[in-house]
Every structure is written in structure tokens, then in C-alpha cells.
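# Structure at a glance
For reference, the chains in residue letters:
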Amino acid sequence: MNVLGVETSCDETSIAIVQDGARVLCNSIASTQDVFADSGGVVPEDAARRQVEFILPVLHSALAEAQLSFDNIDAIGVTKGPGLMGSLLVGTMAARTLSYVHNIPLIGVHHTLGHLSSIWLEQTDTPLFPCLTLSVSGGHSDIWLRQSHTNGILIGSTRDDAAGEAFDKGAAMLGLPYPGGPSIAQSAESGDLSAFNFPIGLSQEKTCDFSFSGLKNSLRLTAQKHASNLKSLQADLAASYQEAICLQLSHRIECAISLYPEIKEVHVAGGVSANTRLREILSSSVQPLRLRTPAALSYCTDNAAMIAAAAYFMHTEKHEASTKAFETAATVTD
Ligand code: KG4
Ligand code: ZN
């Protein structure tokens, strides 16, 4: 079954075609990250305008790359939310129009279910259930205990900022460009991760939740204290700050593993899962379990292949969802 995925929840415009939830036939992405590099984050109105500009060129390039036409598409999956309203409207209107014109069923996909499904793309062997999935992006930080693609419970989430948001806001404080994750990771390469002792959120609690506000405040105060030589301390601050984020994520996964000994694998998905240091720490902390990451970096950050995969799994599992949080039951119609 070929599913055409459409993802326009933020500043990336992406269209993909995925066969049976795993084989990526094309995954076209137009990113405007460099446009927002100096603004510290995405400007919603500008992002929506760029979605309008890019949606048709990206659609044409996806179909050309896969060498397919709409006759070969069995369903369309589109991100229905959460995300920036203007950006989402562009993708959902485009998907509805294509569905109507070509008479192809349309499936509305929760953005987080897309990230959870990204793990199945282009793997050499099939991931196993039950699994724990750490989904960490600019908009959410969650731990899911999953029995199937669309059945699971949310066992932990952030009480304030998302992990990616902590990277983005931390980068702005250090004078590094947006998106903060890659720029902090790059600066951290030449820094000393033990130079500064930043707090690990909620370390006194036995919880699967996250909190990054105390850490962010601590970075703000430290940056203020060293304002006169911030540039020379930038790499050390980036490395120590990144370490505190990654250790918190790893501690919560260790806590989740201890609570659910039946799990067979641990997955990490979402934009922050591209972080090399996080992967390094997690692979040793989940032992003897296997840590599975998206097969390519382009499947970590927002992309339409993961939305197409999620739509396929919603179709094969008949949209059943045991929790309200998954919100997979709704099909976008007219
Ligand atoms: O999943 P995503 O593309 O969009 C959302 O759903 O939010 O995630 C974007 C987030 C941004 O906050 C970005 O700073 C972070 O993922 N990110 C990273 C890395 N690459 C992207 N964080 C840490 N290390 C990275 N290498
Ligand atoms: Zn995302």
C-alpha cells in the first residue's frame, strides 16, 4: 500500500511516499531553518507564507523522484496537529484537495504519532513491541509505553519546556543560531562537558516526567555572570548544558525501564534524537536492551515519511487507540 504523506506543522514543507509503512519511495523536504537562524525561533506568519510557496514544488519533486502518479497512491496521510495554525492549514488544505480531486482516502495524523512511527522507516529488521519510545522534539518530550503502533500509554512528559525548546532557548542565550540543537551540539564538540555543573531537573523524584526550566534559568544566570567573556566560554557552556539535558533524558528512560520490565526495545525519535551525545549516553543506559534510532537523520526532524508511515499503521490497526492522547481515531474528511 502506497501512502502519500504531507507534513507542514512548522517551518518544514515535506511530502513523501511510503510503501507499507516502511519503504521510503521519496521524502522531499524544503526547510526554511536558515531564514530563522538569527531570529532565535520560527516566526509563525513567515513560516505559513513559505509553506504556501513551497507546497506545490515539493509535491512535484516528490512524485518525480518516486516516478509515480496519483494512480499509484492508495491513501493520503496529513499532519492534523499539533503545530502552527497557519502552517497546518496549508498542508491540510492541500491534502484535502488532492484527496477530493483524485478520490483517495484521507487520514489525519497526530504529529507525535508520526515521530513514533519514524522508527519503522527503512529499518533492516522489524522493531518489536512492547517498547518504550522517548519522543523528544521542539514541541514535546514524552515517554510512551506501546503495545502496538496505535495502542499505548503516555507514562511521562514535560512539565514545562520540551527538550528541543531547551536547546533552542539555551542556544539563544549563548549567542548561537537557531535551531539550537545542532548549533549547541557543534559548539559542544570543542568544549569540556564537566566545566559547569548544571542541575538535572526532577532528579530527586522517581518520575518519568521532565523539567527543563530550572536548567534554563541556571544557564541564564551563568551566562549573565560571565557576560564579559561569554564567547571564550561558549563551547564549555554548550557541552555542560547539553550534558545536563541528555542525562535527564537518560535518567527518565532508566526509571521507565525499571517500572516496565516487560519491554523488548527502547526507541528514541524526534528532532533531539539526532543528537550524537544523547545516542551515546542512551545506548549504554538502556543495556542490555537495544536502543533503536531513526534510520536516517532526516527521519529524526520533521518529515512527511513518518506521517505516511503513521497513516499506514492507523489504517492497518483500524484507527484503534487506547488513549485519548494518541488521538488517532479521527479521520480528516470534509
Ligand atoms: O521534531 P522536530 O523537527 O520538530 C518538532 O516537532 O518540534 O524537532 C526540532 C527540534 C528543535 O528544537 C531542534 O533544536 C532539535 O529538534 N534538534 C536537535 C538536534 N537537531 C535538531 N537537538 C539536539 N541535537 C541535535 N542534533
Ligand atoms: Zn516534530
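Above: the structure in question.
Residues numbered from 1 in each chain as written. Chains lettered and ligands numbered in written order. Predicted model: local features only at pLDDT ≥ 70, side-chain atom pairs only at ≥ 80, totals over all residues. Heavy atoms only, no water.

## Description of the site of ligand 1
Taken together, 19 residues sit near ligand 1, with Gly138, Asp168, Gly181, Asn275 and Asp302 positioned nearest. Asp168 places a polar side-chain atom, nitrogen or oxygen, 2.7 Å from an oxygen atom of ligand 1. Within the backbone of Gly271, an N or O atom sits 3.1 Å from an oxygen atom of ligand 1. Protein contacts shield 88% of the accessible area of ligand 1, which totals 560 Å² for the unbound molecule. For the shell around ligand 1, the elements supplying multiple residues, two or more each, are helix 3 (111-117), helix 4 (163-173) and helix 5 (180-188). Partitioned by chemical class, the residues of the shell around ligand 1 number six nonpolar, eleven polar and two charged. (Near = heavy atom within 4 Å. Polar contact = N/O pair within 3.5 Å; in protein donor to acceptor, adjacent residues only side chain to side chain. Areas by Shrake-Rupley, 256 points an atom, 1.4 Å probe, with all protein chains shown as cover. Helix = DSSP H or I, 4+ residues; strand = E, 2+ residues; numbered from the N terminus. Nonpolar A, V, L, I, M, F, W, Y, C, P; charged D, E, K, R; others polar.)

## Topic: the nonpolar core
Membership of the largest hydrophobic core comes to 45 residues, with the highest contact counts inside it found for Leu134, Ile143, Ile245 and Leu249. Of all the secondary-structure elements, those providing two or more residues to this core are strand 6 (131-136), strand 7 (141-146), helix 4, helix 5, helix 6 (213-225), helix 7 (230-259), strand 9 (265-269) and helix 8 (276-285). Among the elements that make up this core, the one with the highest residue count is helix 7 (14 residues). Leave out the neighbours within four places in its chain, and Leu249 touches Leu134, Val136, Ala163, Phe210, Phe212, Val272 and Leu278. Formed by 26 residues, the second largest nonpolar core is a distinct cluster that contains Val18, Leu113, Ala304 and Ala309. (Core = buried A, V, L, I, M, F, W, Y, C linked by side-chain atoms within 4.5 Å. Buried < 20%, exposed > 50% of the residue type's maximum accessible area, 1.4 Å probe, protein only. Contact = heavy atoms within 4.5 Å.)

## Considering the pattern of salt bridges
Under the criterion given, the structure shown has twelve salt bridges. In this structure, the salt-bridge partner of Asp125 is Arg290, at a minimum N-O distance of 3.0 Å. On the criterion of sequence distance, the pair formed by Asp125 in the loop between helix 3 and strand 6 and Arg290 in strand 10 (residues 290-292) is long-range, its members being 165 residues apart. Assessed through its relative accessible area of 33%, Asp125 is described here as partly exposed. Among the residues examined, Arg290 registers a relative accessible area of 38% and is labelled partly exposed. (Salt bridge = Lys/Arg side-chain N within 4 Å of Asp/Glu carboxyl O.)

Remember that the coordinates give geometry; whether it matters functionally is a separate question.
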